[in-house]
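Now for the letters of each chain:
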Amino acid sequence: MSFLEVTAFLFDGFKISLLIFAVTLLCGAPLGLPIAFCSMSRFKAVKSISKVIVWIVRGIPLMLQIFIIYYVPGLLFNYQIFGKIDRFMFIEYGISDAGRITAVLIAFTLNYACYFSEIYRGGIESISKGQYEAGYVLGLTKSQIFRKIILKQVVQRIVPPMSNEIITLIKDTALANCIMVCEIIKNAKELAATKAMIWPLFFTGVFYLVFVGILTIVLNKAEKKLSYFRS
Amino acid sequence: MSILNVSNIKKSFGKTEVLKDISFTLEKGDVLSIIGSSGSGKTTLLRCLNFLEIADCGKVIVDDDVIFDGSDKSYLTDEKIRESRLNFGLVFQNFNLFPQYTVLENLTLAPTLLKKGDEASIKQKALELIKKVGLEEKVDFYPCQLSGGQQQRVAIARALALNPKILFFDEPTSALDPELTMEVLNVIKGLKDSGCTMVIVTHEMAFARDVSDKVIFMDGGVIVEQGKPEDVINNPQNERTKHFLNRFKENS
């Protein structure tokens, strides 16, 4: 195999990595918000449930969570939903790992939503009480205060920790290969096994590096754009 | 009839009784200063009047309208509280400007959200107020670009933007150095001259004496002494008032 062929094959895998990255971000980031609100709820039961979920999800390795999501429906309900999706998509469209990718997307989204929720919670709770009180004495409603006064200050504060998580996320996508999803490292390992080529495995690092480089530039821009005020 | 009539306000936090039966009245156009050592309940009193704390009992009447009655929970719905709060403006010790908004936007935010007129008239009123506190050159600045004194003047203008009947100040100069204190106090003096009714919690005794029509001295959650500033500050009758003011007298 030529260098270009190897690169193309690895890039096919990297597209799956990017898919996991994008879906996790697009679904996990919004999902983190209701979890954060539950963790700050006045109702003790809601707060406790939310905190326990966050504790479990953050307390178990992501790889194990992928296994749990993938295998548990079959073990508990004797219904291997992801295997069925795999088979259906393969027969209909010739895609081999759609079901396993779905399982990975669910695991990643839940996992990252919990991490995001804690970042949101920290951001929201770091805004001084005085900001709320200033809104109250001006006759504003709680929702107006949150949307018009608090939110932007929270966004400014959470950009750096969110950037950190987002950069971690692209590298975490490699965990998908534990259930044989054809992401970039799985493809590289396949080359090692079938063609006795080891260098593509190390070459995958370049893909991550380039992508993280682009992310860093974009996230820094966002941080700069929000730095016009100091809260 | 007084513009503000406060009677028998009590407030406890857990077992600590912070306000023990506070009553006073305020006439329209008058300036009331509340003095007293830290922990005497001055700030809690202001916070109760603005519904940032809910008093345990007592009654607050503004312009013949009851806005709070400790024995009647119907005054405490979110909507009622919001409406009642609009009788008052409150200026905080640490300003609490909204950092992501410019000076002008800080003033127009609440009137716009509360639909207190069309955009042009809200903006014009805000610009007038900004001029009144002498910051017309800072209209488009963000709070972090202003000095503490300037920020506090913006906060005063912001509170005035909703036409409150009474403006409250909670130690408005305690976070400022002497020079910046003067610029804020001058703005407050200017407001007095334009007939604004104000309640000022302050540690600036000379200012309280010069600007007030009435002074209240609080200690341990009760009003120990109240009356004309020349009486309370220059010639206090109560031992505790005398003790508190001794230091001020030595310095002046």
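Use the structure listed above.
Since the structure is predicted, the reported quantities are computational estimates derived from the model, not experimental observations.

Undergrad: Got a minute to help me understand a nonpolar patch on the surface in this structure?
TA: Residues and elements named next belong to chain A. A surface patch of nonpolar side chains, about 590 Å² in accessible area, is lined by Phe3, Leu4, Ile198, Trp199 and Phe202. Those elements that place two or more of their residues in the nonpolar patch are helix H1 (3-39) and helix H9 (199-225). For Phe3, the location among the structural elements is in helix H1. Taking relative accessible area as the criterion, Phe3 reaches 48% and is therefore assigned partly exposed.

Undergrad: Can you walk me through unusual backbone geometry in this structure?
TA: Among all residues except glycine, the phi angle is most often negative; among peptide bonds, the trans geometry is most common. Residues and elements named next belong to chain B. Although it is not a glycine, Asp64 adopts a positive phi angle of roughly 75°. With respect to the helices and strands, Asp64 occurs in the loop between strand E4 (57-62) and strand E5 (65-69). For Asp64, a relative accessible area of 54% corresponds to the exposed category. Its identity is not glycine, yet Asn163 carries a phi of approximately 50°, on the positive side. Along the polypeptide, Asn163 turns up in the loop between helix H5 (148-160) and strand E7 (166-170). In this structure Asn163 comes out as exposed when scored by relative accessible area, which is 55%.

Undergrad: Which parts of the structure should I look at to understand the pairing of strand E10 (residues 222-227) of chain B?
TA: It is a general feature of regular strands that their side chains alternate between the two faces of the sheet. Residues and elements named next belong to chain B. In terms of strand pairing, strand E9 (residues 214-219) meets E10 through 5 bridges, oriented antiparallel. By the bridge assignment for E10, Met218 is matched with Ile223. Hairpin connection, E9 to E10: the antiparallel pair is bridged by 2 residues, and Gly220 has positive phi, about 55°.

Undergrad: Even after reading the chapter, I still don't get the interface of chain B and chain A, so can you show me in this structure?
TA: Taken together, the contacts link 24 residues of chain B with 22 residues of chain A. Surface buried jointly by chain B and chain A totals about 2100 Å² across both partners, of which 65% is contributed by carbon and sulfur atoms. For the pair chain B and chain A, the number of links is 1 salt bridge. Summed over the shared surface of chain B and chain A, the number is 7 residue pairs in polar contact (both at pLDDT 80 or more). At the level of secondary structure, the elements contributing two or more residues to the side of chain B that touches chain A comprise helix H2 (78-85), strand E6 (88-91) and helix H3 (103-113) of chain B.

Undergrad: Would you mind going over the side chain of A:Thr24 with me for this structure?
TA: Residue and element names in this part refer to chain A. One can find Thr24 in helix H1. Residue Thr24 is classed as buried on the basis of its relative accessible area of 0%. Residue contacts for Thr24: discarding those within four places in its chain leaves Ala29, Phe108, Thr109, Tyr112 and Leu169.

Undergrad: Can you walk me through the environment of A:Leu110 in this structure?
TA: All names here are of chain A. One can find Leu110 in helix H5 (residues 98-125). Sequence separation between Leu110 and Gly122 is 12 residues; the distance between their C-alpha atoms is 19 Å. Setting aside its immediate chain neighbours within four residues, Leu110 contacts Leu31, Val57 and Ile69.

Undergrad: Teacher, can you tell me more about the packing of aromatic side chains here?
TA: The relation between two aromatic rings is expressed through the spacing of the ring centres and the mutual angle of the planes. Residue and element names in this part refer to chain A. Summed over all chains, the structure comprises 21 aromatic pairs over all chains. Taking the centre distance of 5.9 Å and the plane angle of 15° together, the rings of Phe3 and Trp199 count as stacked. With Phe3 in helix H1 and Trp199 in helix H9, the pair connects residues that are 196 residues apart, well separated along the chain. Ring plane angle 50° and centroid distance 5.3 Å describe the contact between Phe3 and Phe203, whose orientation is recorded as tilted. Of this pair, Phe3 sits in helix H1 while Phe203 sits in helix H9, placing them 200 residues apart in sequence. Within the aromatic cluster, the residues linked to one another by ring pairs are Phe3, Phe11, Phe14, Phe21, Trp199, Phe203, Phe207, Tyr208 and Phe211.

Undergrad: What is the right way to read the nonpolar core from this model?
TA: Buried together is how nonpolar side chains tend to be arranged in soluble globular proteins. Residue and element names in this part refer to chain B. Counting 93 residues, the largest nonpolar core has Leu4, Phe24 and Phe168 as the members making the most contacts within it. If sequence neighbours within four positions are ignored, Phe168 has contacts with Leu4, Leu46, Leu49, Asn50, Phe88, Gly89, Leu90, Val91 and Val199. Listed in part, the 35 residues of the second largest apolar core include Val91, Val133, Ile188 and Met198.

Undergrad: Before we go on, may I ask you to explain the pairing of E7(B) in this structure?
TA: Residue and element names in this part refer to chain B. Counting buried positions along E7 yields 5 of 5 residues, so the element is predominantly enclosed. Covered by surrounding structure in E7 are Ile166, Phe168 and Asp170 together with Leu167 and Phe169, the residues of both alternating faces. The pairing of E6 with E7 spans 4 bridges and is parallel. By the bridge assignment for E7, Leu90 is matched with Phe168. Bridging between E7 and strand E8 (residues 197-201) involves 5 bridges; their strand directions are parallel. Paired with Phe169 across the two strands is Ile200, which belongs to E8. After leaving E7, the chain enters helix H6 (residues 178-193) and then returns to the sheet as E8, a path that is right-handed.

Undergrad: Is there a simple way to explain the environment of B:Lys10 in this structure?
TA: All names here are of chain B. With respect to the helices and strands, the residue Lys10 is situated in strand E1 (residues 4-13). Classification of Lys10 as partly exposed rests on a relative accessible area of 34%. When sequence neighbours within four positions are dropped, the list of residues in contact with Lys10 reads Leu19, Lys20, Asp21, Ala55, Asp56 and Cys57.

Undergrad: Any chance you could explain the sheet that holds strand E2 (residues 16-26) of chain B here in plain terms?
TA: Within a beta sheet, neighbouring strands are joined by backbone hydrogen bonds and run either parallel or antiparallel to one another. Residue and element names in this part refer to chain B. The strand order across the open sheet built from 4 strands is E2-E1-E4-E5, with neighbouring strands paired in antiparallel fashion. Two strands bound the open sheet, and with one partner strand each, they are E2 and E5. On average, each strand axis in the sheet is inclined to that of its neighbour by 20°, with strand direction left out of account. Each of E1, E2 and E4 touches helix H1 (residues 42-49); the most contacted strand, E2, lies at about 65° to it.

Parameters at a glance
- Residues numbered from 1 in each chain as written.
- Chains lettered and ligands numbered in written order.
- Predicted model: local features only at pLDDT ≥ 70, side-chain atom pairs only at ≥ 80, totals over all residues.
- Heavy atoms only, no water.
- Patch = residues over 30% accessible without salt bridge, like charges linked within 9 Å, V, L, I, M, F, W, Y side chains within 5 Å.
- Areas by Shrake-Rupley, 256 points an atom, 1.4 Å probe, with all protein chains shown as cover.
- Salt bridge = Lys/Arg side-chain N within 4 Å of Asp/Glu carboxyl O.
- Helix = DSSP H or I, 4+ residues; strand = E, 2+ residues; numbered from the N terminus.
- Buried < 20%, exposed > 50% of the residue type's maximum accessible area, 1.4 Å probe, protein only.
- Pairing = 2+ DSSP bridges.
- Contact = heavy atoms within 4.5 Å.
- Buried area = accessible area lost by both parts, 1.4 Å probe.
- Polar contact = N/O pair within 3.5 Å; in protein donor to acceptor, adjacent residues only side chain to side chain.
- Phe/Tyr/Trp six-rings, centres within 6.5 Å; stacked < 30°, edge-to-face > 60°.
- Core = buried A, V, L, I, M, F, W, Y, C linked by side-chain atoms within 4.5 Å.
- Right-handed = clockwise from strand over helix to strand, strands pointing away.
- Axes fitted to C-alpha atoms, helices over the stretch in contact; angles between N-to-C directions.

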